[in-house]
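Structural features, examined
Letter by letter, the chains look like this.
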Amino acid sequence: MLRSFIFSPGYCDMRGALHREELSMNEKGEWIITCVDREDCNDPLTRTVYPVSIEAFERFETFIKENNIADLSKRKQSIEFATDYSPWYYNITFDLSSPGGSACENIEISEFRMYTDQDRELLKELKQQFKALKE
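Basis of the calculations
Residues numbered from 1 in each chain as written. Predicted model: local features only at pLDDT ≥ 70, side-chain atom pairs only at ≥ 80, totals over all residues. Heavy atoms only, no water. Helix = DSSP H or I, 4+ residues; strand = E, 2+ residues; numbered from the N terminus. Rg over C-alpha atoms; globule rule 2.2 N^0.38 Å. Buried < 20%, exposed > 50% of the residue type's maximum accessible area, 1.4 Å probe, protein only. Contact = heavy atoms within 4.5 Å. Areas by Shrake-Rupley, 256 points an atom, 1.4 Å probe, with all protein chains shown as cover. Pairing = 2+ DSSP bridges. Axes fitted to C-alpha atoms, helices over the stretch in contact; angles between N-to-C directions. Core = buried A, V, L, I, M, F, W, Y, C linked by side-chain atoms within 4.5 Å. Expected span 1.5 Å × (residues − 1). Arc of directions from axis to C-beta.

1. Observations concerning the overall build of the protein chain
Along the protein chain, the regular secondary structure elements total 2 helices and 6 strands. In sequence order, the secondary structure elements of the protein chain are arranged as β-β-β-β-α-β-β-α. In terms of C-alpha radius of gyration, the protein chain reaches 16 Å, essentially the compact-globule figure of 14 Å for 135 residues. Dimensions of the protein chain along its principal axes, counting C-alpha atoms only, are 45 × 35 × 30 Å. With 135 residues in all, the protein chain has 37% of them scored as buried. Across the protein chain, contacts joining residues at least 24 apart in sequence account for 54% of those joining residues at least 6 apart. For the protein chain, the exposed surface amounts to about 8,600 Å²; the carbon and sulfur share of it is 49%.

Structure follows, in structure tokens:
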């Protein structure tokens, strides 16, 4: 089962700008997306919370499973690298535990990997599916 999904679009400035979105379950058992933003490293973090219906969550989780999104984390590292840039990434946590257990699997899909054109189309669709959760 999907436990959380984090998306950061990446930034190319050194002022400390930040944007991150996390799909997770709150303490009431409701699915929400929490967006964290900052324009400059001296600015306070702002948080915006969006409710996500259980139906929308289930569609998103099904999309992730049916398209084997986790497999994208196995792509080879590319030779590209930038020291003054924060790359985009997805961090996905799956709950693998049986009742009473606490096992989970974290996967990361990040910018500096060697993706095929088909992979890039799938990543584009993943981003659209995630964005749709807030609408």
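2. Overview of the sheet that holds strand S1 (residues 2-8)
What the 6 strands build is an open sheet, ordered S4-S3-S2-S1-S5-S6; its pairing is antiparallel. Two strands lie at the open edges of the sheet, namely strand S4 (46-52) and strand S6 (104-110), each paired on one side alone. For this sheet, the mean inter-axis angle between neighbouring strands, taken without regard to orientation, is 15 degrees. Of the strands in this sheet, S1, strand S2 (18-25), strand S3 (31-38), S4 and strand S5 (89-95) are in contact with helix H1 (residues 54-66), which crosses S1 at around 80 degrees.

3. Some details on the nonpolar core
Phe5, Leu23, Phe60, Ile64, Ile69, Ile109 and Leu126 are the most contacted members of the largest nonpolar core, which has 27 residues in total. For this core, the secondary structure elements donating two or more residues are S1, S3, H1, S5, S6 and helix H2 (117-132). Ranked by residues supplied to this core, first place goes to H1 with 5 residues. Here Leu23 is in contact with Leu2, Arg3, Ser4, Phe5, Trp31, Ile32, Ile33, Val52, Phe57, Phe60, Phe130 and Leu133, once residues within four sequence places are set aside.

4. Observations regarding the pairing of S3
Look at any regular strand and the pattern is simple: side chains alternate between the two faces of the sheet. For S3, a buried count of 6 out of 8 residues is recorded, marking the element as mostly surrounded by other parts of the structure. Once S2 ends, the chain turns through 5 residues before running back antiparallel as S3, passing Gly29 with a positive phi of about 85 degrees.

5. Some details on the environment of Arg15
With respect to the helices, strands and loops of the structure, Arg15 is situated in the loop between S1 and S2. With 23 residues separating them along the chain, Arg15 and Arg38 place their C-alpha atoms 9.8 Å apart. Once residues within four sequence positions are removed from consideration, Arg15 is found in contact with Glu39, Asp40 and Cys41.

6. Focus: H1
In a regular helix each residue adds 1.5 Å, so 13 residues correspond to 18 Å; H1 covers 18 Å between its end C-alpha atoms and thus fits that length. Along H1, the residues classified as buried are Ala56, Phe57, Phe60, Glu61, Phe63 and Ile64. Seen end-on, H1 carries its buried residues on one side only, within an arc spanning 155 degrees. For H1, the exposed residues set more than 90 degrees away from the buried face come down to Arg59 and Glu66.

7. Focus on the environment of Ala56
Secondary-structure assignment places Ala56 in helix H1. On the accessibility criterion, Ala56 (10% relative accessible area) is buried. Between the C-alpha atoms of Ala56 and Trp31, which are 25 residues apart in sequence, the distance is 9.5 Å.

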